[in-house]
Each structure stands twice: as C-alpha cells, then as structure tokens.
Amino acid sequence: MLGATERMQTLLTSLLDYSRITSRAEPFRPVELSALISDLLSDLEVRIADTGGEVQVGELPTIEADPTQMRQLFQNLIGNALKFHKDGEKPLVKVHCSSNDPRNCEICVEDNGIGFDEQYLERIFSLFQRLHGRSSKYEGTGMGLAICKKIAERHGGSITARSVVGQGSTFMIALPVKHENNEGA
C-alpha cells in the first residue's frame, strides 16, 4: 500500500511538471547551456557518485530559452543516462553540440548504457510509456522523455534518439538559437 501511494505521488508530480510546461512557462532569455549544465551536475552529484559515473560536457552555445525548462530537459536526459547504465560498467555521459549553424543547434546527450530497440523510438516520447515494467530495477513514471519532447517543441525544436541495445543511446535535441518572438510559444 505504501509503495502504491509513493508511486501515485511521483506520478502526480510528473503530471504537474508536464502541465506546467505551458501553464507556468517563463519568457525566453539568453541561457548559457554550459553554465546551466554545470550547475545541474552539482545537483546530480550524489547520483553520479553512487553510480561511479562521469559526465563530460563539451562547448555548448548560448540560446534564447526558458532556463527552468532547459534545466529540466537536461536533468531528465542526463539522469536517464545515469540510471540506465549497464551492470558492472560505470556510466559515461557526453553532452556536446554537433552543429555550427548560427541559427540552430543540435545538442547530443550520449551514453554507454543499456540502450533500447529503436522500434520503440516513438513510444519512449509518449506519456506513461516505459520500456521496463514496474517490477524492473529501473524506477520511473514514463513521463521524463514526454516532458523533454514537450519542452523541445515549446522551444520550436525537436528531440529524437539513436540507440542499439547493449551499446548505449544518443539523444539529439534540435533547438533554434534565437526566436523572433521572445515570449516563447
């Protein structure tokens, strides 16, 4: 009963986070992604230490965005990369920019984790979709990547992934560097 109550509380919190993407959105302003992720890594310090993981961050651009939502997007992606690591192998997460276009950027979050079968690519970005059952060692509500997708779309961008089972995943987030309407969608 206690476990069910805790799962319900986590699910309700995730639903609230999902609904706030548009209802409590902040106006876009310049966000230095390198600094944002550096701050975020201090919040993930315990999880990184517990897994023995390492997060490498390359040079990232400054973009016009909602800073709270960018933080949530990268926290979900880096947190997942640490969570879905292979037994007996330390997680390695690399965050880098893979494009030099002054109008758009593509940020990659790459890991050496368990990966997933790409036939489930669309499913992983849907609400309440998990590739691992509730009885698996991987906790979660199936909301994290749906939240990432909604944040990317609110910013006029997109998110997708490449993966091979047992060989890790790379999540690619395409975002505009500047917006004509600085208020956000």
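Preceding this paragraph is the structure being described.
Residues numbered from 1 in each chain as written. Predicted model: local features only at pLDDT ≥ 70, side-chain atom pairs only at ≥ 80, totals over all residues. Heavy atoms only, no water.

Visitor: Any chance you could break down the nonpolar core for me, citing the residues and the numbers?
Guide: By size, the foremost hydrophobic cluster in this structure holds 40 residues, and its most contacted members are Met 70, Phe 74, Leu 77, Ile 78, Val 95, Phe 171 and Ile 173. Per-element tally for this core: the top contributor is helix H4 (residues 67-83), with seven residues. Those residues in contact with Met 70, other than ones at most four positions away along the chain, are Leu 33, Leu 36, Ile 63, Ala 65, Ile 151, His 155 and Leu 175. (Core = buried A, V, L, I, M, F, W, Y, C linked by side-chain atoms within 4.5 Å. Buried < 20%, exposed > 50% of the residue type's maximum accessible area, 1.4 Å probe, protein only. Helix = DSSP H or I, 4+ residues; strand = E, 2+ residues; numbered from the N terminus. Contact = heavy atoms within 4.5 Å.)

Visitor: Account for the environment of Ser 38, naming residues and giving values.
Guide: As for its placement among the helices and strands, Ser 38 is situated in helix H2 (residues 33-43). With relative accessibility at 45%, the residue Ser 38 sits in the partly exposed group. Counting along the chain gives 17 residues from Ser 38 to Val 55, while the straight-line C-alpha distance between them is 9.9 Å.

Visitor: I'd like to hear about the sheet that holds strand E7 (residues 169-176), residue by residue, with values.
Guide: Strand pairing in a sheet relies on backbone hydrogen bonds. The paired strands run either parallel or antiparallel. Read across the open sheet, the five strands follow the order E2-E4-E5-E7-E6; overall the sheet is mixed. Taken across any chain shown, the strands that pair with only one partner, and hence form the sheet edges, are strand E2 (54-57) and strand E6 (158-163). Shown here is a sheet whose adjacent strand axes are inclined to one another by a mean of 15°, direction ignored. Inspection of the sheet shows strand E4 (residues 92-97) paired to strand E5 (residues 104-111) by five bridges, in the antiparallel sense. Paired with Lys 94 across the bridge in E5 is Glu 110. (Pairing = 2+ DSSP bridges. Axes fitted to C-alpha atoms, helices over the stretch in contact; angles between N-to-C directions.)

Visitor: Outline the side chain of Asn 112, supporting the account with residue identities and numerical values.
Guide: Tracing the chain through its elements places Asn 112 in the loop between E5 and helix H5 (121-124). A polar contact is formed between the side chain of Asn 112 and the backbone nitrogen of Leu 92, at a distance of 2.8 Å. In this view, Asn 112 contacts Lys 86, Glu 89, Lys 90, Pro 91, Leu 92 and Gly 168; residues no more than four positions away in its chain are not counted. (Polar contact = N/O pair within 3.5 Å; in protein donor to acceptor, adjacent residues only side chain to side chain.)

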